[in-house]
Amino acid sequence: MKLVTVDRLQPGMVVAKTVFGADRQVLLASGMVVKPQFISQLRRRGVPSVYIVDERFPDIETADVVSAETRVEAMAAAKEVLSEVKDRAKSGLGKLTGTEARKVKDQVNNIIDELIQNRELVVNLTDIRAADDYTFGHSVNVCILSLMTAIGLGYEPQRLRELGIGAILHDVGKTQIPEEILNKPGVLSAGEFEEVKKHPTYGFEIVRRQDGLSSLSAHVAYQHHERSNGEGYPRGLIGTEIHEFARITAVADVYDALVADRVYRRGFLPADALDIIAGNAGRFFDPKVAKAFGDNIAPYPVGSLVQMSTKEVAVVVKVRRAYPRHPILRVIKDGRGHPVGEPYDLDLTQHRDVRIARAIDERGPVDPRDVKQLL
Ligand SMILES: [Fe+2]
């Protein structure tokens, strides 16, 4: 399969991965043949890109670290809880109800169970969300990515649960920020940014006031925008003054924002987003956490195109957790750019003289100015 932006979607292409909305509805079903009216529907709903079957390699498939059902249920729960909190925001800063806390806990437990079962898998897919569902998909992704990092760091179940709840609720404080500010296209004024900077404090209060939730989960919401060098907000904490849960969630939050395709901005490729995270380890992020995070992500996901050090072009066929930068490739073009007669597979762990020089983005170039805004 390969990821195609909606602008490049052509009638006749076959959908490879079902796209769900946050109300559990199917926006696009796997196996469906793309018709012109779908393309306009997807545009209307603000679906930025779609996985389609790559006609060159229909046999290449990939498994997700968390099943589609679990993801959809978690996204629906996130939407329900965040919408309820937001409805109550009119009458002041509230707290989560016991039912809402239970709902979040159940989803986090399901995610943890699956991640532990699928321990050998790495993240190969970018999840696709409609514009309206971005926040809910992001909450679930930040939860999944934080938990994978924590499992890598050796956390036991109780700490995983506290972290996961904090991570899925990390932006719950945004329910208190006016929508005109949150959805404002372009640069925020200084005053508007001051408003946005209050969301971690609001989130802390909302989670903390619910007796059924750990205060550590509340601290994830409070500290997820703190940065190791003290340049974060709201308190400008430094290094280990920031709770490790929040140091983990900070990396997951930035990474997911970097790779997400939005309607107005193409996402970064995983390899580039991982470089940005690694490049800011020690400055914004805890190096130990950034390393544990990176171990869970395929820099060159299954199905993506790469250029090798020999200038040959290949598609990634298989990624193994122990050798993320040395996948099995299928070579499709020779060093001069000519298609090879019969594509053949090459295991980079067996050919240490050859390496991947760069990932090829079939969607075209990304705007480098986007990095600064997202860190
Ligand atoms: Fe945030």
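Residues numbered from 1 in each chain as written. Predicted model: local features only at pLDDT ≥ 70, side-chain atom pairs only at ≥ 80, totals over all residues. Heavy atoms only, no water.

1. Concerning the layout of surface pockets
What the second largest pocket holds in volume is close to 450 Å³. In terms of lining, the second largest pocket is formed by 23 residues, of which the most central are Ala16, Lys17, Thr18, Ala68 and Leu125. Among the elements of the structure, β2 (19-20) and α2 (68-88) are those that each provide at least two residues to the lining of the second largest pocket. Among the elements that line the lining of the second largest pocket, the one with the most residues is α2, at four residues. Split by residue class, the lining of the second largest pocket holds 14 nonpolar, three polar and six charged. Domain assignment of the residues forming the lining of the second largest pocket places at least three in each of domain 1 (2-52) and domain 2 (68-297). (1 Å grid on protein atoms, 1.4 Å probe; cavity = no way out; pocket = protein on both sides within 12 Å on 5 of 7 lines; lining within 4 Å. Points joined across faces, edges and corners; volume = space filled by probe spheres on them. Helix = DSSP H or I, 4+ residues; strand = E, 2+ residues; numbered from the N terminus. Nonpolar A, V, L, I, M, F, W, Y, C, P; charged D, E, K, R; others polar. Domains from an automatic or database assignment.)

2. Re the environment of lysine 184
Its location among the elements puts lysine 184 in the loop between α6 (179-182) and α7 (190-196). Separated by 131 residues in sequence, lysine 184 and valine 53 have C-alpha atoms that sit 35 Å apart. Beyond its immediate stretch of four places on either side in the chain, lysine 184 contacts Glu179, Ser189 and Glu192. (Contact = heavy atoms within 4.5 Å.)

3. Brief notes about the coordination of the iron ion
For a metal with four tetrahedral donors the ideal donor-metal-donor angle is 109.5 degrees, while six octahedral donors give ideal angles of 90 or 180 degrees. All of the protein donors around the iron ion are Asp171 (OD), His199 (NE2), His224 (NE2) and His225 (NE2); their distances to the metal are 2.1 to 2.3 Å. Because the angles between the four donor atoms bound to the iron ion fall within 83 to 170°, the donor set is best described as irregular. Sequence positions of the donors to the iron ion reduce to the motif D-x27-H-x24-H-H. With aspartate 171 in the loop between α5 (157-168) and α6 and histidine 225 in the loop between α9 (215-223) and α10 (244-259), the pair connects residues that are 54 residues apart, well separated along the chain. The class for aspartate 171 is buried, based on a relative accessible area of 11%. (Donors = N, O, S within 2.8 Å, 3.2 Å for Na, K, Ca; no water. Tetrahedral: all angles 85-135°; square planar, octahedral: opposite > 155°, others 65-115°. Buried < 20%, exposed > 50% of the residue type's maximum accessible area, 1.4 Å probe, protein only.)

4. Describing the domain arrangement of the chain
On domain assignment, one finds that the chain holds domain 1 (2-52), domain 2 (68-297) and domain 3 (305-360). On a C-alpha basis, the centres of domain 1 and domain 3 stand 29 Å from each other.

5. So, the nonpolar core
With 61 residues, the main nonpolar core has Ile111, Leu115, Ile144, Leu169, Tyr255, Ile277 and Phe293 as its most contacted residues. Among the elements that line this core, the one with the most residues is helix α4 (residues 134-152), at ten residues. For isoleucine 144, the contacting residues outside a window of four places in its chain are Val65, Val66, Arg71, Ile111 and Leu115. In this structure, Phe57, Leu329, Ile332 and Val354 belong to the second largest nonpolar core, which totals 25 residues. (Core = buried A, V, L, I, M, F, W, Y, C linked by side-chain atoms within 4.5 Å.)

6. Here's the deal with empty space enclosed by the protein
The gaps left among the atoms become clear once a water-sized probe is rolled over them. For the coordinates displayed, the defined rule picks out five cavities of 30 Å³ or more. If you add up the space inside the largest cavity, you get close to 310 Å³. Forming the walls of the largest cavity are 25 residues, and the residues nearest its centre are Leu3, Tyr51, Leu269, Pro301 and Ser304. Here the residues of the lining of the largest cavity sort into 16 nonpolar, five polar and four charged. In this structure, the second largest cavity spans a volume of roughly 180 Å³. In this structure, the second largest cavity is lined by 19 residues; those nearest its centre are Val123, Leu125, Thr126, Leu145 and Tyr255.

7. Digging into the packing of α4 against α10
Between α4 and α10, the least distance of the axes is 8 Å, while the angle of their chain directions is 130°. Relative to α10, the element α4 is oriented oblique. The chirality of how α4 crosses α10 is right-handed. Contact residues: α4 offers Tyr134, His138, Asn141, Val142, Leu145, Ser146, Thr149 and Ala150, while α10 offers Ile248, Thr249, Ala252, Asp253, Tyr255, Asp256 and Ala257. Looking at the contact of α4 with α10 residue by residue, the classes come out as eight nonpolar, five polar and two charged. (Axes fitted to C-alpha atoms, helices over the stretch in contact; angles between N-to-C directions. Parallel < 35°, antiparallel > 145°, perpendicular 65-115°, else oblique. Left-handed = near helix turned anticlockwise from the far one by under 90°.)

8. Concerning the packing of aromatic side chains
The final tally for this structure, using the stated rule, is five aromatic pairs. Relative to phenylalanine 245, the ring of tyrosine 155 lies with its centre 5.7 Å away and its plane at 40°, an arrangement referred to as tilted. Of the two residues, tyrosine 155 sits in the loop between α4 and α5 while phenylalanine 245 sits in helix α10, which places them 90 residues apart along the sequence. Classification of tyrosine 155 as buried rests on a relative accessible area of 8%. Stacked on the ring of tyrosine 155, the Lys or Arg arginine 159 has its end atom at 4.0 Å from the ring centre. Above the face of the tyrosine 134 ring, arginine 262 is positioned so that its terminal group lies 3.5 Å from the ring centre. (Phe/Tyr/Trp six-rings, centres within 6.5 Å; stacked < 30°, edge-to-face > 60°. Lys NZ or Arg CZ within 6 Å of the ring centre and 35° of its normal.)

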